[in-house]
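Summary of the model geometry
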Amino acid sequence: MKQQKRHQTNLISLIIVLVTVGLLIFLSIVLYNHAKLEVRFDTLISWLRQVDDAIVKLDSNAQIILCIFALYIAKCQLPIPMGFLCVISGIVFPITQAVIINLVFCIFFFSVKYVEGQFIGGGWTGMILGIKQLHFVRDWIQFKGTGNPYVLFVSRLVPSIPLGMVSKYYGSMRYDFVYYTFLSILGFAPRLFIYTKIGSAIFNPFSVQFIVLIMIIVAFTGVSVITFNVFYGIKSKQMNQTLLIYSEREKYKIVL
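The text that follows walks through the structure, step by step, so that each part is easy to find. Just so you know, these numbers come straight off a predicted model, no measurement behind them. Residues take numbers from 1 onward in each chain, read along the sequence in its written order. For this predicted model, a pLDDT threshold of at least 70 governs which residues receive local features, and a threshold of 80 or more governs which side-chain atom pairs are given and counted, while totals over whole chains, interfaces and linings are taken from all residues. Side-chain calculation: all heavy atoms of the structure are included, whereas hydrogens and water are not.

**What about the packing of aromatic side chains?**
Centres within 6.5 Å are what make two rings of Phe, Tyr or Trp a pair, Trp counting through its six-membered ring; a difference in plane orientation under 30 degrees is then read as stacked, over 60 as edge-to-face, and the rest as tilted. With the rule as written, the count across this model stands at ten aromatic pairs. Taking the centre distance of 6.1 Å and the plane angle of 90° together, the rings of Phe 110 and Phe 188 count as edge-to-face. Here Phe 188 lies in helix H11 (residues 177–201) and Phe 110 lies in helix H6 (residues 95–120), a separation of 78 residues in the sequence. The two residues Phe 110 and Phe 188 agree in class, both being buried. Members of the aromatic cluster, connected to one another through ring pairs, are Phe 69, Tyr 72, Phe 105 and Phe 108. Helical segments are the DSSP runs of H or I of at least four residues, strand segments are the runs of E of at least two, and each set is numbered from the N terminus. Three exposure classes are used, based on accessible area relative to the maximum for each residue type with a 1.4 Å probe and protein chains only: buried under 20%, partly exposed in between, and exposed over 50%.

Dropping the structure here:
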């Protein structure tokens with residue numbers, strides 16, 4: 001059983017490594033040939049620039065902000081990627097304004113999910129962490145019932161961890177709201193800036209800036225998923241060893 005779990009962890013890690021490396025190699029080739037691709041897809045780039053000019057000429061910024069805010073409200077209940085919302089702001093507004101808008105709306109989203117967790121509990125996160133094999137993850141997150149600040153920070157930093165599920169779980173633990181908001185924004189800030197920057201560079205998807213940003217996201221996502229998978233494998237093995245020792249002790253007591 002232990003051998004099977006170790007092989008499974010190694011197989012998953014290998015698949016993640018292959019996919020990540022494959023994507024990075026593909027993006028590296030695109031980066032190397034970006035000048036040729038810009039010439040080859042000049043029609044597409046010209047059309048995107050026309051779209052950019054049309055967006056700049058829009059009259060009411062307030063209406064645009066209201067529409068973006070409506071998408072963030074929808075995000076509170078629908079599985080809309082946060083990166084997608086940040087990209088939209090980066091498309092419409094200059095980078096500084098877009099970052100501020102995304103920052104304010106992200107605080108709103110984190111607050112809504114926190115309050116939701118206070119009233120209806122941890123939701124799917126609580127159910128998943130209730131699985132016996134994941135009790136060590138639950139105990140690590142709860143940190144003696146007060147909530148682990150390091151897990152909160154890392155969960156915002158790592159792209160593969162759902163933001164809403166973590167927010168609800170920390171809300172269900174009644175974690176200090178001010179500290180929760182600060183750590184959430186601090187952890188999500190690098191991703192927020194990169195996503196927003198992608199939005200500002202999306203009108204030339206073959207530019208060096210755009211390709212490098214995509215490479216950063218791919219590399220960081222791959223590394224974070226591999227790290228979590230290895231961590232889960234190590235902790236699961238430790239938990240099984242602990243249970244085995246405990247069961248042997250109980251068996252010894254029964255014999256006595």
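Text resumes after the structure shown.
**Examining the pattern of salt bridges**
Whenever a carboxyl oxygen of Asp or Glu lies within 4 Å of a side-chain nitrogen of Lys or Arg, that contact is scored as a salt bridge. Under the criterion given, the structure shown has two salt bridges. When the shortest N-O distance is used, the salt bridge between Glu 116 and Lys 113 registers 3.2 Å. Of this pair, Glu 116 and Lys 113 both sit in helix H6, three residues apart, which is roughly one turn of that helix. Each member of the pair, Glu 116 together with Lys 113, is buried. With its nearest N and O atoms 3.5 Å apart, the salt bridge here joins Glu 116 to Lys 168. Of this pair, Glu 116 sits in helix H6 while Lys 168 is found in helix H10 (residues 163–172), placing the two residues 52 residues apart along the sequence. As far as burial versus exposure is concerned, Glu 116 and Lys 168 are alike and both buried. Taken together, the shared-partner salt bridges in this structure form one network comprising Lys 113, Glu 116 and Lys 168.

**Considering unusual backbone geometry**
Phi at Arg 174 takes a positive value of approximately 60°, unusual for a residue other than glycine. Of note, Arg 174 is situated in the loop between H10 and H11. Note on Arg 174: relative accessible area 51%, which makes it exposed.

**Re the nonpolar core**
Of all hydrophobic cores here, the largest spans 37 residues; its most connected members are Tyr 72, Met 82, Cys 106, Phe 110, Tyr 170 and Phe 188. Looking at this core, the elements with two or more residues in it are helix H4 (61–75), helix H5 (82–92), H6, helix H9 (149–157), H10, H11 and helix H12 (208–255). If you tally residues by element for this core, the top one is H11, at nine residues. A contact between two residues is defined here by any heavy atoms of the two lying within 4.5 Å. Ignoring anything within four residues of it in the chain, the contact list for Tyr 72 reads Met 82, Leu 85, Cys 86, Asn 102, Phe 105 and Cys 106. Counting seven residues, the second-largest nonpolar core is a separate cluster that includes Leu 27, Ile 211, Met 215 and Val 218. Remark: nonpolar core denotes a set of buried residues (Ala, Val, Leu, Ile, Met, Phe, Trp, Tyr, Cys) joined through side-chain atoms within 4.5 Å.

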